[in-house]
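Reading the structure
In case you want the letters, here they are:
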Amino acid sequence: VIESKVGTGFLCLIPFPTIEYRLKVLITCNHVFNDITIGNKIKVIFYNGIEKEIIIDESRRVYTRKEYDITIIELKDNEFDIKYYLGIDDDLFLKDEIKKNEQIYIIHYPKGIEVTSNNGTIQNKIKNEIIYYLNTYEGSSGAPIFNLNSFKVIAIHCGYIDKKNN
């Protein structure tokens, strides 16, 4: 939650700069934050109801790519309990080819009400975008989308409604 906007995000460990040291980050969609600035307060709410606030300050690196609709916020070493992070035991992201009709899975926080999960199917892949059929709602943006077979992250959800095909 930032100001009055609600989105989904996830904490993960990225092997950077080495596999021995893992960078702790929060990943979500850029449009959840719009233009994040110094002084912004972000309330992180976990599935078990625990809440924690992080403040964007000069000590925190924030990476944003508007063309990919992604924001990555560096977290401090002891900011969150390690049990909340994805990617603890293995590399988190799928490096294999993403295929049409592949089964996917999303864990999201629609409307900021309750953590939900849904299954879906990849419909197509065009360059860096994956088109998929999956039930989500406002507030689901930023959620990790997993390959159902490997349970590796293949995408970050950014909702879109195709009015032509409903």
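Our subject is the structure listed above.
Here goes a summary of the coordinates provided. Position numbers for residues count from 1 along each chain, tracking the sequence in the order it is written. In keeping with the predicted nature of the model, local features appear solely for residues at pLDDT of at least 70, side-chain atom pairs appear and are counted solely at 80 or more, and the whole-chain, interface and lining totals rest on all residues. As a rule here, side-chain values come from all non-hydrogen atoms in the structure, and water together with hydrogens is ignored.

1. A short note on the layout of surface pockets
Basically, it comes down to this: A cavity here means a set of points on a 1 Å grid, drawn over the protein atoms and nothing else, where a 1.4 Å probe fits but cannot get out; a pocket is an open set with protein on both sides within 12 Å along at least five of seven lines, and a residue lines either one if it has an atom within 4 Å of a point. Grid points are joined across faces, edges and corners, and a volume is the space filled by probe spheres set on the points. The way it works is that DSSP assigns letters per residue, a run of H or I at least four long becomes a helix, a run of E at least two long becomes a strand, and they are numbered from the N terminus. In the scheme used here, Gly and all other residues not listed as nonpolar or charged are polar, with Ala, Val, Leu, Ile, Met, Phe, Trp, Tyr, Cys and Pro taken as nonpolar and Asp, Glu, Lys and Arg as charged.
Its volume calculated, the second largest pocket comes out at about 660 Å³. Secondary-structure elements contributing two or more residues to the lining of the second largest pocket are β1 (10-15), β2 (22-28), α1 (30-33), β3 (41-45), β7 (103-108) and β10 (144-147). Grouping the constituent residues of the lining of the second largest pocket by class yields 22 nonpolar, five polar and three charged.

2. Section: the pattern of salt bridges
To keep it simple, the criterion reads: We define a salt bridge as a contact between a side-chain nitrogen of Lys or Arg and a carboxyl oxygen of Asp or Glu at a distance within 4 Å. Under the scheme applied here, a residue whose accessible area is under 20% of the maximum for its type counts as buried, over 50% as exposed, and between as partly exposed, the area being computed with a 1.4 Å probe on protein chains only.
As enumerated under the stated definition, the model contains six salt bridges in all. Note that K24 and D77 form a salt bridge whose closest N and O atoms lie 3.5 Å from each other. You can see K24 sitting in strand β2 and its partner D77 sitting in the loop between β6 (70-74) and β7, a full 53 residues away along the chain. Classification of K24 by relative accessible area gives buried; the value is 15%. Notably, a salt bridge pairs D57 with K76, separated by 3.7 Å at the nearest N-O pair. In this pair, D57 sits in the loop between β4 (51-55) and β5 (62-65) while K76 sits in the loop between β6 and β7, placing the two residues 19 residues apart along the sequence. Taking the relative accessible area as the measure of exposure, D57 reaches 23% and is therefore partly exposed. In this structure K76 comes out as partly exposed when scored by relative accessible area, which is 37%.

3. A closer look at unusual backbone geometry
Backbone geometry places D69, a non-glycine residue, at a positive phi of 55 degrees. By secondary structure assignment, the location of D69 is in the loop between β5 and β6. In this structure, F151 is a non-glycine residue whose phi angle is positive, near 55 degrees. With respect to the helices, strands and loops of the structure, F151 is situated in the loop between β10 and β11 (153-156).

4. Some remarks on the sheet that holds β10
Sheet strands pair by backbone hydrogen bonding; their relative direction is either parallel or antiparallel. Where we set the bar: Note on pairing: two strands pair once DSSP finds at least 2 bridges between them. Helix axes use the C-alpha atoms of the stretch in contact, all axes being lines fitted to C-alpha atoms, and the angles between their N-to-C directions lie in the range 0 to 180 degrees.
Across the sheet, five strands lie side by side as β9-β8-β7-β10-β11; this open sheet has antiparallel pairing. Each edge of the open sheet is held by one strand with a lone partner, namely β9 (129-133) and β11. Shown here is a sheet whose adjacent strand axes are inclined to one another by a mean of 40 degrees, direction ignored. Pairing between β7 and strand β8 (residues 116-126): six bridges, direction antiparallel. In the strand pairing of β8, I106 is matched with N118.

5. Details of the nonpolar core
Condition: Residues belong to one nonpolar core when they are buried, are Ala, Val, Leu, Ile, Met, Phe, Trp, Tyr or Cys, and are joined through side-chain atoms within 4.5 Å. Here a residue-residue contact requires only that any non-hydrogen atoms of the pair lie within 4.5 Å.
In this structure, L11, I42, I54, I73, L75 and F80 are the most contacted members of the largest nonpolar core, which totals 16 residues. Secondary structure elements with two or more residues in this core: β1 and β3. Excluding residues within four positions of it along the chain, I73 makes contact with K24, V25, L26, F33, I36, I42, I54, I56, R60, R61 and V62. I98, L134, A143 and I154 belong to the second-largest nonpolar core, a separate cluster that totals twelve residues.

Coordinates in, geometry out; function isn't part of it.
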